[in-house]
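# Fold and contact review
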Number of protein chains: 2
Amino acid sequence: MSEPDVFAALANPTRRELLRLLRDGGQQPVQRLADHFDMRRPSLSEHLKVLKEAGLVVERPVGRQRLYALRAEPLQEVADWLSPYEAYWRGRLGALRDVLDELDDE
Amino acid sequence: MSEPDVFAALANPTRRELLRLLRDGGQQPVQRLADHFDMRRPSLSEHLKVLKEAGLVVERPVGRQRLYALRAEPLQEVADWLSPYEAYWRGRLGALRDVLDELDDE
DNA sequence: TTGACCGGTAGGAAACCTCCTACCTATTGT
DNA sequence: ACAATAGGTAGGAGGTTTCCTACCGGTCAA
């Protein structure tokens, strides 16, 4: 039994590529997604299951195929997590922090 | 030998918490970081190693301790990856896409 | 109804992750 | 010099991931 962990879902390059395909190509069946990978279809199904459990895709049956579609909302959690760091990598704060630390040393 | 995979480094909650501690508390030695976790120190050392290999922390020896500091730059990669999705979770584009897909079906 | 097709589940191998206990080196204070 | 402290490495147990090959049920077309 797995949890719905967005960060864990994004840790795998194949899953990130699946999300990109759904973003760029809109909803599509498994077979069309599978065309882009050098990987058997059942493995793709498992990756799609992980994405589904993380809430990053939704799936609806259409005839004998299943259309998968991107559901980007959970990515907000990642963006929220990231935002307090943004000031650091955009210079400024990191450098300020270093100065403060140096002062502490004395 | 591991690769420097930022996404994989962020997949673990302990490592995300380490980054937060370094962000909020500035550079600090391992022991001070370890105080926040119910986990043996060697395990923490391994998490710090993963973060270091991902470029997310830097380490410098000071006396018999080692000060770890946040290095946020690699997080830019995550932000860059995320940004094409932002329009989707902020409504609009997802809905537009759905309409286009419906039209395709006909 | 029978066959072809879509895609999921079962079960298993191999690699990898995450934790542990020991143990080691380096530095510091007495 | 010796003990105590900081923190890394080694090796291993147990769980999880990621892939595979079978196999199964549901849908469509002849």
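A brief report on the enclosed structure follows. (Residues numbered from 1 in each chain as written. Chains lettered and ligands numbered in written order. Predicted model: local features only at pLDDT ≥ 70, side-chain atom pairs only at ≥ 80, totals over all residues. Heavy atoms only, no water.)

Another aspect to go through is helix 2 (residues 13-25) of chain A. For the α-helix, the turn length of 3.6 residues means that residues three or four positions removed from each other point alike. Residue and element names in this part refer to chain A. The end-to-end C-alpha distance of helix 2 is 18 Å, a good match for the 18 Å that 13 residues give at a rise of 1.5 Å each. Looking only at helix 2, the buried set comprises T14, R15, R16, L18, L19, L21, L22 and R23. Its side-chain oxygen placed 2.8 Å from the backbone nitrogen of T14, N12 serves as the N-cap of helix 2. Taken from the residues just after helix 2, G26 is the one with a positive phi, measuring 70°. (Helix = DSSP H or I, 4+ residues; strand = E, 2+ residues; numbered from the N terminus. Expected span 1.5 Å × (residues − 1). Buried < 20%, exposed > 50% of the residue type's maximum accessible area, 1.4 Å probe, protein only. Polar contact = N/O pair within 3.5 Å; in protein donor to acceptor, adjacent residues only side chain to side chain.)

Rotating chain B by 180° and translating it 0.0 Å along the rotation axis places it on chain A, where the RMSD comes to 0.0 Å. The symmetry that links the two subunits is that of a two-fold axis. Residue A11(B) of chain B places its C-alpha closer to the rotation axis than any other residue of that unit, at 3.0 Å. (Least-squares fit on C-alpha atoms with pLDDT ≥ 70 in both.)

Attention shifts here to the interface of chain B and chain A. Chain B puts 32 residues into the contact, and the matching count from chain A is 32 residues. It is R23(B), Y85(B) and W89(B) in chain B that bury the most area against chain A; as a group they hold 24% of the surface buried on that side. For the pair chain B and chain A, the number of links is zero salt bridges. Joining chain B to chain A, the criterion identifies six residue pairs in polar contact (both at pLDDT 80 or more). Elements represented by at least two residues in the side of chain B that touches chain A include exactly helix 1 (6-10), helix 2 (13-25), helix 5 (75-89) and helix 6 (93-104) of chain B. Looking at the side of chain B that touches chain A element by element, the count peaks at ten residues for helix 5 of chain B. Broken down by class, the residue content of the side of chain B that touches chain A amounts to 16 nonpolar, four polar and twelve charged. (Contact = heavy atoms within 4.5 Å. Buried area = accessible area lost by both parts, 1.4 Å probe. Salt bridge = Lys/Arg side-chain N within 4 Å of Asp/Glu carboxyl O. Nonpolar A, V, L, I, M, F, W, Y, C, P; charged D, E, K, R; others polar.)

Residue and element names in this part refer to chain A. The strand order across the open sheet built from three strands is 1-3-2, with neighbouring strands paired in antiparallel fashion. The sheet is open, and its two borders are formed by strand 1 (28-29) and strand 2 (57-62), each paired with just one other strand. Pairing of strand 1 with strand 3 (residues 65-70) involves two bridges; the strand directions are antiparallel. If you follow P29 over to strand 3, its bridge partner there is L67. (Pairing = 2+ DSSP bridges.)

This part is about the pairing of strand 3 (residues 65-70) of chain B. All names here are of chain B. By the bridge criterion, six bridges tie strand 2 (residues 57-62) to strand 3 in an arrangement that is antiparallel. Residue pairing for strand 3: R60 is matched across the bridge by L67. From the end of strand 2 to the start of strand 3, which pair antiparallel, there are two residues, and G63 there has a positive phi angle of about 60°.

On to the protein's contact with DNA strand D, then. Near DNA strand D lie 22 residues; those nearest to it are S43(A), H47(A), Q31(B), R41(B) and S45(B). When the atoms of DNA strand D within 4 Å of the protein are sorted by group, sugar and phosphate make up 66%. Contact distances for DNA strand D include 2.9 Å between a phosphate oxygen and a backbone N or O atom of R40(A). When residues in the surface near DNA strand D are grouped by element, the largest group, five residues, is from helix 4 (residues 41-53) of chain B. Residue classes in the surface near DNA strand D are distributed as six nonpolar, seven polar and nine charged. (Near = heavy atom within 4 Å.)

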